[in-house]
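Listed below, chain by chain, are the residues.
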Amino acid sequence: MLLRTRPAIRSSEITDKKLYLRRREFIQAAAVTAVGAAAGTLGVPQADAAPSWPRVKVPNFAKSPYGADEKPNAYQDATTYNNFYEFGVEKEDPSNNAGPLKTKPWTVKVDGLVDKPADYQLEDFIKPYALEERIYRMRCVERWSMVIPWIGFPLASLLKTVQPAPTAKFVEFTTLFNPQQMPGQRRDVLRWPYVEGLRLDEAMHPLAILAVGLYGEYLPNQNGAPIRLVVPWKYGFKGIKSIVRIRLTDRQPMNSWQLSAPSEYGFYSNVNPSVDHPRWSQARERRIGEFFMRPTLVFNGYGDQVASLYAGMDLKKNY
Amino acid sequence: MKPTVLAAGLLPLLVLIWRAFNAALGANPLLEITHETGDWTLRFIVITLAITPVRRLTGWHALIRFRRMMGLYAFFYGSLHFLIYVIADRFAGLDFRDGIWAWSTARGLVASIWEDVYKRPYITVGFIGLAAMAPLAVTSTTGWIRRLGGRNWNRLHRLIYATAVAGVIHYWWLVKADILHPAIYASLVALLLGFRAFRT
């Protein structure tokens with residue numbers, strides 16, 4: 001009897017075992033390449049390897065006990081996910097568009113109801129104060145949050161230097177207006193320049209700082225260089241960036257977001273889980289980098305220090 | 001031609017997946033995916049609405065072959081948009097009193113979605129827009145056209161006009177200050193619906 005011994009499949013057609021075992025990898029790679037090519041033609045932004053802005057270390061600053069228990073977000077998060085409408089309304093706009101902002105020389109005007117009004121060069125403005133690092137939680141009104149190691153000095157130190165008049169009750173801050181360097185200002189998304197304000201006792205609170213750096217380096221432009229406000233118990237938009245003017249006044253300043261949508265944003269804007277934004281609940285927040293949302297804490301967790309500022313006030317009315 | 005268009009409709013999804021695997025979705029990827037799928041829903045609605053005017057203006061009648069497909073893609077991206085919202089915005093915000101795998105989680109999720117749909121006008125209108133597309137997706141087959149008859153089918157499928165309006169309002173109400181993008185969609189939808197209202 002004749003047995004047919006020729007195999008049904010020629011050996012040349014048999015896939016090499018090693019290749020066969022890697023077939024999934026291959027298909028995956030092919031898919032990634034195909035999609036990648038498609039994405040490339042659609043102009044999808046690639047993940048940036050190195051930042052395009054200068055990174056300069058702050059030579060001298062002290063560590064402080066603030067926030068030692070918190071784990072800061074990635075540097076990339078804090079420097080590429082920004083609300084800074086002066087450079088565009090998308091989160092990636094500031095890091096993409098803020099490069100041309102000239103922060104040297106920079107003048108800060110201090111005026112209004114103060115005994116010592118002056119126009120300061122930034123270097124002279126900062127020089128008298130010891131810089132320290134403060135690791136603060138930052139809660140955005142849009143329901144996300146980060147932990148950021150700021151470098152700065154207490155706003156109170158500055159106010160003590162310039163000596164508010166006895167009639168002064170509020171501090172008003174103003175951002176640079178320069179549509180040439182701040183392309184977002186070419187459209188009336190908000191009324192420019194951006195204005196923020198604090199009650200004088202809030203401004204004197206030791207937690208409120210003027211920041212000049214983060215993560216051990218001077219502020220990148222997209223984070224509000226060269227100097228910005230950080231008030232950790234309030235929603236992030238109170239932290240006005242690229243400040244050119246600090247004015248003491250006896251009238252409550254009209255801050256930009258209140259002017260834009262008074263039913264949604266108030267003057268105080270203290271972080272408060274029990275006061276909803278009209279369009280979303282503020283009870284929880286997504287810490288950038290996490291999936292599950294955390295419960296939002298009243299005064300962003302700084303209630304022990306700041307709640308006394310608002311004793312007897314209706315925080316639902318004064319949102 | 002048809003397979004090419006079919007594949008092209010999947011491209012936005014593939015790009016999103018590619019970006020997800022290449023850490024190119026930014027610091028808040030869940031929100032980015034939510035916004036992208038929402039944007040593509042509106043784009044496919046606009047494309048669907050544009051087919052009839054373009055046919056009439058150019059005489060390129062073969063386009064009609066793609067209308068149902070474009071409408072189905074609008075529903076597809078709308079459903080993805082809703083699914084991502086349910087997972088990233090509702091599920092992730094539950095308190096999981098009895099752990100994740102519990103009946104209370106399912107109940108809490110339904111309650112949380114319902115509360116949002118009921119309480120937040122921009123969610124309400126978005127939900128209505130998506131819900132209005134569901135019967136259109138179901139009856140998108142040739143069998144259903146035959147069963148309903150061409151005239152009834154066409155009448156039913158005018159519901160897409162409501163979805164288009166709802167979609168634009170949904171977007172408009174959710175932006176914080178810059179209404180440029182919703183305004184662009186609003187003008188496109190107004191133009192395409194206006195074409196139907198004013199043609200003789």
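Since we're looking at a predicted model, the values are computed, not measured.

What counts and how
Residues numbered from 1 in each chain as written. Chains lettered and ligands numbered in written order. Predicted model: local features only at pLDDT ≥ 70, side-chain atom pairs only at ≥ 80, totals over all residues. Heavy atoms only, no water. Helix = DSSP H or I, 4+ residues; strand = E, 2+ residues; numbered from the N terminus. Buried < 20%, exposed > 50% of the residue type's maximum accessible area, 1.4 Å probe, protein only. Contact = heavy atoms within 4.5 Å. Areas by Shrake-Rupley, 256 points an atom, 1.4 Å probe, with all protein chains shown as cover. Lys, Arg positive; Asp, Glu negative; His and termini not counted. Charge placed at Lys NZ, Arg CZ, Asp CG, Glu CD. Phe/Tyr/Trp six-rings, centres within 6.5 Å; stacked < 30°, edge-to-face > 60°. Core = buried A, V, L, I, M, F, W, Y, C linked by side-chain atoms within 4.5 Å. Expected span 1.5 Å × (residues − 1). Patch = residues over 30% accessible without salt bridge, like charges linked within 9 Å, V, L, I, M, F, W, Y side chains within 5 Å. Salt bridge = Lys/Arg side-chain N within 4 Å of Asp/Glu carboxyl O. Polar contact = N/O pair within 3.5 Å; in protein donor to acceptor, adjacent residues only side chain to side chain. Nonpolar A, V, L, I, M, F, W, Y, C, P; charged D, E, K, R; others polar.

Enquirer: So what exactly am I meant to see when it comes to the overall build of chain B here?
Expert: When you go through chain B residue by residue, the secondary structure sums to nine helices and zero strands. Each helix (α) and strand (β) of chain B, taken in turn from the N terminus, gives the series α-α-α-α-α-α-α-α-α. Counting the 200 residues in chain B, one finds 44% classified as buried. Of the contacts formed within chain B by residues at least 6 apart in sequence, a portion of 64% connects residues at least 24 apart. Accessible area of chain B: about 10,900 Å², with a carbon and sulfur share of 70%. Chain B carries 21 positive and 9 negative side-chain charges, and their two centres are separated by 21 Å.

Enquirer: For this particular structure, what's the right way to read the packing of aromatic side chains?
Expert: Note on aromatic pairs: each is described by the distance of the centres and the angle between the planes. Summed over the entire model, instances satisfying the criterion amount to 29 aromatic pairs over all chains. Ring centres of A:Phe237 and A:Tyr265 lie 5.6 Å apart, and the angle between their planes is 80 degrees; on these two criteria the pair is classed as edge-to-face. Within this pair, whereas A:Phe237 is found in the loop between β9 (228-230) and β10 (243-249), its partner A:Tyr265 is found in the loop between α8 (256-260) and β11 (284-287), the two being separated by 28 residues in sequence. Residue class for A:Phe237 comes out buried when judged on its relative accessible area of 11%. Ring centres of B:Trp40 and B:Phe44 lie 5.9 Å apart, and the angle between their planes is 45 degrees; this geometry places the pair in the tilted category.

Enquirer: I tried to follow the nonpolar core on my own but got confused; where do I start?
Expert: Soluble globular proteins tend to bury their nonpolar side chains together. Counting 84 residues, the largest nonpolar core has A:Phe125, A:Leu210, A:Ile227, A:Trp233 and A:Ile246 as its most contacted members. Broken down by element, this core gets its largest block of residues, six residues, from strand β4 (residues 144-154) of chain A. Not counting residues up to four positions away in its chain, the partners in contact with A:Phe125 are A:Val108, A:Val110, A:Tyr120, A:Phe153, A:Leu158, A:Leu210, A:Ile227 and A:Ile246. Ranked by size, the runner-up nonpolar core spans 27 residues in total, among them B:Leu42, B:Met70, B:Val175 and B:Leu193.

Enquirer: Hey, could you run me through helix α2 (residues 29-58) of chain B in this one?
Expert: With 30 residues, α2(B) extends 41 Å from end C-alpha to end C-alpha; this agrees with the ideal 44 Å at 1.5 Å per step. A positive backbone phi angle near 75 degrees is found at B:Gly59, which sits one or two residues after α2(B).

Enquirer: Whenever I open this one, a nonpolar patch on the surface confuses me. Can you help?
Expert: Residue and element names in this part refer to chain B. Together, Leu-10, Leu-14, Ile-17, Phe-21 and Phe-76 line one region of the surface with nonpolar side chains, adding up to about 450 Å² of accessible area. In terms of residues, the nonpolar patch owes the most to one element, helix α1 (residues 2-21), which gives four residues. Note that Leu-10 resides in helix α1. On the accessibility criterion, Leu-10 (34% relative accessible area) is partly exposed.

Enquirer: I would appreciate a short explanation of the interface of chain A and chain B in the present structure.
Expert: By a widespread convention, an interface's size corresponds to the accessible area lost as its parts come together. The interface of chain A with chain B comprises 39 residues on the first partner and 34 residues on the second. Taken together, the connections running from chain A to chain B amount to five salt bridges. For B:Asp178, the salt bridge is made with A:Arg187, and the minimal N-O distance between the two is 2.4 Å. Scanning the region where chain A abuts chain B turns up 11 residue pairs in polar contact (both at pLDDT 80 or more). Every element with two or more residues in the side of chain A that touches chain B is listed here: α2 (23-41), α8 and β11 of chain A. A per-element tally of the side of chain A that touches chain B places α2(A) first, with five residues. Residues that form the side of chain A that touches chain B fall into these classes: 23 nonpolar, seven polar and nine charged.

Enquirer: What is the right way to look at the pattern of salt bridges in this model?
Expert: Opposite charge on two side chains lets them pair, provided their charged atoms get close. Under the defined criterion, the tally for this structure stands at 28 salt bridges over all chains. The residue A:Lys91 makes a salt bridge to A:Glu142 at a minimum N-O spacing of 3.0 Å. In this pair, A:Lys91 is assigned in the loop between α3 (75-80) and α4 (93-97) and A:Glu142 in the loop between β3 (132-139) and β4, connecting sequence segments 51 residues apart. Comparing A:Lys91 with A:Glu142 shows no difference in burial state: the two are buried. Note that A:Glu196 is salt-bridged to A:Lys238, the shortest N-O span being 2.7 Å. A residue pair is termed long-range when its members are at least 10 positions apart, and A:Glu196 in strand β6 (residues 195-199) and A:Lys238 in the loop between β9 and β10 qualify at 42 residues. Of the residues examined, A:Glu196 reaches a relative accessible area of 0% and is grouped as buried. Among the ionic contacts, a cluster of salt bridges with common partners joins A:Arg143, A:Asp276, B:Asp89, B:Arg90, B:Glu115, B:Asp116, B:Lys119 and B:Arg120.

Enquirer: Looking at this structure, I do not really get the environment of B:Val175. What am I missing?
Expert: Structurally, B:Val175 can be placed in the loop between α8 (159-174) and α9 (180-198). Residue B:Val175 is classed as buried on the basis of its relative accessible area of 17%. In contact with B:Val175, not counting residues within four places along its chain, are A:Arg279 and B:Pro182.

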